[in-house]
Amino acid sequence: MNNKEIIDLDSKYIMQTYGRQPIAISHGKGAVIWDEDGNEYLDFFAGIAVNALGQSHPKVTETIQKQAGKLIHASNVYFTEEQVKLAKKLAEITIFNKVFFANSGAEANEGAIKLARKYTGRGEIIATNNSFHGRTLVTVTATGQEKYKKPFKPLPSGFKHVDFGDSEALANAIGDDTAAVILEAIQGEGGVIVPPKNYLKEVEAICRENNVLLILDEVQTGFGRCGEMFAYELFGIKPDIMTIAKALGSGYPIGGLLACDEVASAFDYGDHGSTFGGNPLGCAVAMTVIETMKDEKLVENSKTVGKYLKDKFIDLKEKYDFIKDVRGYGLFLAIELNMECNFVVDKMREKGFLINATGKNALRFAPPLIITKEQVDKMVIALDEVFSDF
Ligand SMILES: *Cc1c(COP(=O)(O)O)cnc(C)c1O
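Let me begin by describing the structure that accompanies this report. (Residues numbered from 1 in each chain as written. Predicted model: local features only at pLDDT ≥ 70, side-chain atom pairs only at ≥ 80, totals over all residues. Heavy atoms only, no water.)

1. Points about the overall build of the protein
Point 1. Counting secondary structure elements, the protein contains 15 helices and 15 strands.
Point 2. With respect to the principal axes defined by its C-alpha atoms, the protein has extents near 55 × 55 × 45 Å.
Point 3. Split into buried and exposed, the 390 residues of the protein put 53% on the buried side.
Point 4. Of the contacts formed within the protein by residues at least 6 apart in sequence, a portion of 72% connects residues at least 24 apart.
Point 5. Accessible area of the protein: about 17,900 Å², with a carbon and sulfur share of 52%.
Point 6. Positive and negative side-chain charges in the protein, numbering 44 and 53 respectively, have mean positions lying 1 Å apart. (Helix = DSSP H or I, 4+ residues; strand = E, 2+ residues; numbered from the N terminus. Buried < 20%, exposed > 50% of the residue type's maximum accessible area, 1.4 Å probe, protein only. Contact = heavy atoms within 4.5 Å. Areas by Shrake-Rupley, 256 points an atom, 1.4 Å probe, with all protein chains shown as cover. Lys, Arg positive; Asp, Glu negative; His and termini not counted. Charge placed at Lys NZ, Arg CZ, Asp CG, Glu CD.)

2. Topic: the pattern of salt bridges
Point 1. A complete count under the given rule lists 22 salt bridges for this structure.
Point 2. In this structure, the salt-bridge partner of Lys160 is Glu124, at a minimum N-O distance of 3.5 Å. Taken together, the residues span a long stretch of sequence, with Lys160 in strand E6 (residues 159-162) and Glu124 in strand E5 (residues 124-128) at a distance of 36 residues.
Point 3. The exposure class of Lys160 is partly exposed, given its relative accessible area of 32%.
Point 4. Ionic pairing is found between Asp240 and Arg208, a salt bridge with its closest N-O pair at 3.4 Å. On the criterion of sequence distance, the pair formed by Asp240 in the loop between helix H10 (231-235) and strand E9 (241-244) and Arg208 in helix H9 (residues 199-209) is long-range, its members being 32 residues apart.
Point 5. The structure contains a network of salt bridges with shared partners spanning Lys324, Asp325, Arg327 and Glu336. (Salt bridge = Lys/Arg side-chain N within 4 Å of Asp/Glu carboxyl O.)

3. Topic: the site of the ligand
Point 1. Taken together, Ser104, Gly105, Ala106, Asn109, Phe132, His133, Gly134, Glu184, Asp217, Val219, Gln220 and Lys246 form the complete shell of residues around the ligand.
Point 2. Between the ligand and Ala106, the relevant distance is 2.8 Å, taken from an oxygen atom to a main-chain nitrogen or oxygen of the residue.
Point 3. One nitrogen or oxygen atom from the side chain of Gln220 is found 2.7 Å from an oxygen atom belonging to the ligand.
Point 4. Summarising the interface, the protein chains cover 82% of the accessible area of the ligand, which totals 380 Å² for the free molecule.
Point 5. Top element by residues in the shell around the ligand is helix H5 (residues 105-120). It accounts for three residues.
Point 6. Within the shell around the ligand, the residues separate by chemical class into three nonpolar, six polar and three charged. (Near = heavy atom within 4 Å. Polar contact = N/O pair within 3.5 Å; in protein donor to acceptor, adjacent residues only side chain to side chain. Nonpolar A, V, L, I, M, F, W, Y, C, P; charged D, E, K, R; others polar.)

4. Comments concerning the packing of aromatic side chains
Point 1. Following the criterion strictly, the structure yields 13 aromatic pairs and no others.
Point 2. Here Phe313 and Phe365 contribute two aromatic rings whose centre-to-centre distance is 4.6 Å and whose plane-to-plane angle is 50°, an arrangement assigned as tilted. Placement of the pair is Phe313 in helix H13 (residues 298-319) and Phe365 in strand E15 (residues 362-365), with a sequence separation of 52 residues. The burial state of Phe313 is the same as that of Phe365; both residues are buried. (Phe/Tyr/Trp six-rings, centres within 6.5 Å; stacked < 30°, edge-to-face > 60°.)

5. A few points about the pairing of strand E3 (residues 40-43)
Point 1. As judged from the three bridges shared by strand E2 (residues 32-35) and E3, these two strands associate in the antiparallel manner. Each residue of the ladder has a partner; that of Trp34, found in E3, is Glu40.
Point 2. As consecutive antiparallel partners, E2 and E3 are separated by four residues, and within that stretch Gly38 has a phi angle of approximately 90°, a positive value.
Point 3. Here E3 pairs with strand E13 (residues 353-354) via two bridges, running parallel. Pairing of Leu42 across the sheet is with Phe353, part of E13. (Pairing = 2+ DSSP bridges.)

6. Some words on the layout of surface pockets
Point 1. Considered as a void within the structure, the second largest pocket measures approximately 950 Å³ in volume.
Point 2. Only helix H4 (81-93), strand E4 (98-102) and strand E10 (255-259) provide two or more residues apiece to the lining of the second largest pocket. (1 Å grid on protein atoms, 1.4 Å probe; cavity = no way out; pocket = protein on both sides within 12 Å on 5 of 7 lines; lining within 4 Å. Points joined across faces, edges and corners; volume = space filled by probe spheres on them.)

7. What to know about the sheet that holds E3
Point 1. A sheet is described by the order of its strands in space; here four strands give the open sequence E1-E2-E3-E13, paired in mixed fashion. Strands at the two margins of the open sheet, each flanked by one partner only, are strand E1 (25-29) and E13.

8. Some details on the nonpolar core
Point 1. Counting residues in each nonpolar core, the largest one holds 88 residues, and the members touching the most others are Phe313 and Phe387.
Point 2. It is helix H12 (residues 280-295) that contributes the most residues to this core, eight residues altogether.
Point 3. If sequence neighbours within four positions are ignored, Phe387 has contacts with Leu316, Tyr320, Phe322, Ile323, Ile335, Leu337, Val344 and Leu363.
Point 4. Within the second largest apolar cluster, 21 residues are counted, among which are Leu115, Ala142, Leu257 and Val263. (Core = buried A, V, L, I, M, F, W, Y, C linked by side-chain atoms within 4.5 Å.)

9. Comments concerning the sheet that holds E9
Point 1. Strand order in this open sheet of seven strands is E4-E10-E9-E8-E7-E5-E6, and the pairing throughout is mixed. With partners counted over all chains shown, the strands left at the sheet margins are E4 and E6, one partner each. Taken over all neighbouring pairs, the strand axes of this sheet differ in orientation by 20° on average, direction set aside.
Point 2. The pairing of E5 with strand E7 (residues 178-183) spans three bridges and is parallel. Along E7, the bridge assignment pairs Ile125 with Ala180. (Axes fitted to C-alpha atoms, helices over the stretch in contact; angles between N-to-C directions.)

10. Observations regarding the environment of Met287
Point 1. One can find Met287 in helix H12.
Point 2. A relative accessible area of 17% places Met287 in the buried class.
Point 3. For Met287 and Phe223, which are 64 residues apart along the polypeptide, the C-alpha to C-alpha distance reads 12 Å.
Point 4. Residues in contact with Met287, not counting those within four places in the same chain, are Lys85, Leu86 and Lys89.

What follows is the structure, encoded as structure tokens:
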């Protein structure tokens, strides 16, 4: 089928919940992607910061093929070697030592909220305006964007919102029934919003002082995206619970929540579960993803190529006064314009580059972590051409 045939079938048979780009992706190799009409693109979006190793990485392909021929699913009624090995690996590369495996970011956050409530015996969760934590009823309630939740009332109770970046407002919002604060280190869907310098450290201190748990949603920022393995390292904080998903499987759906032994022990037998969570195929893939990130030094690549790209963006900002801001860390970057910017996404796609617009007038760049300086150069030249046209 070609692009148009697929798009026509979509409108007929798929619930129309997505504002999609008008192409159907066929296949990819590394950071190069082809659509069903045979057009080629350089990928600076990675399927919403998911395909960390790019498309069809030989190590990932090999792992999937091998594991599919061995065991795809066993259920959590039984133990599997793949699951405990990944859990051990996650403990080695983080400050946590217990994990619960889920299938998505929203499920990971649901689990984190349940754990925080059970551990503290309190109910209230404080989240931030402009945040994004998922689309289930609880996580969309935690999400600080009215447009996502308005049609779905009544929403679960027990959530309060304060401005991201305002630690004083957060301190004032904490009450006797507050169980946890949930936030992203850098707001992703909100427009790659980087908080003021000491904000996260202040939030950490406020949580400690008040005996409130800090849940860090690293679903988008985790696994090298921001130039460190996790964003909590970048900001020098130690959250009590961390949620992960997106890049963990580099395209295979897997998520999880991590905590230290003490907090994790609040979950007793029967308290939480998932049929597919931590299935052996997902765990084997995630293990390969983490090992390959290390072998190919992709976190360092995110840092160095990310810096290279950000410097080029700063040059563009000097050149075009409609660029309001350039921000982000590693390969998690945004250019904010003083106007609506979806047309830039369209123009870039027509030139063969996949980027994304999010938040208020922000272009988001989240390429696979394997992206090279040469590929960055090509994209920046195209972007410069698009900008010089208006
Ligand atoms: C994408 C995202 C989620 C939701 O993940 P899903 O896998 O779509 O459920 C949650 N939090 C953050 C920060 C995200 O970027």
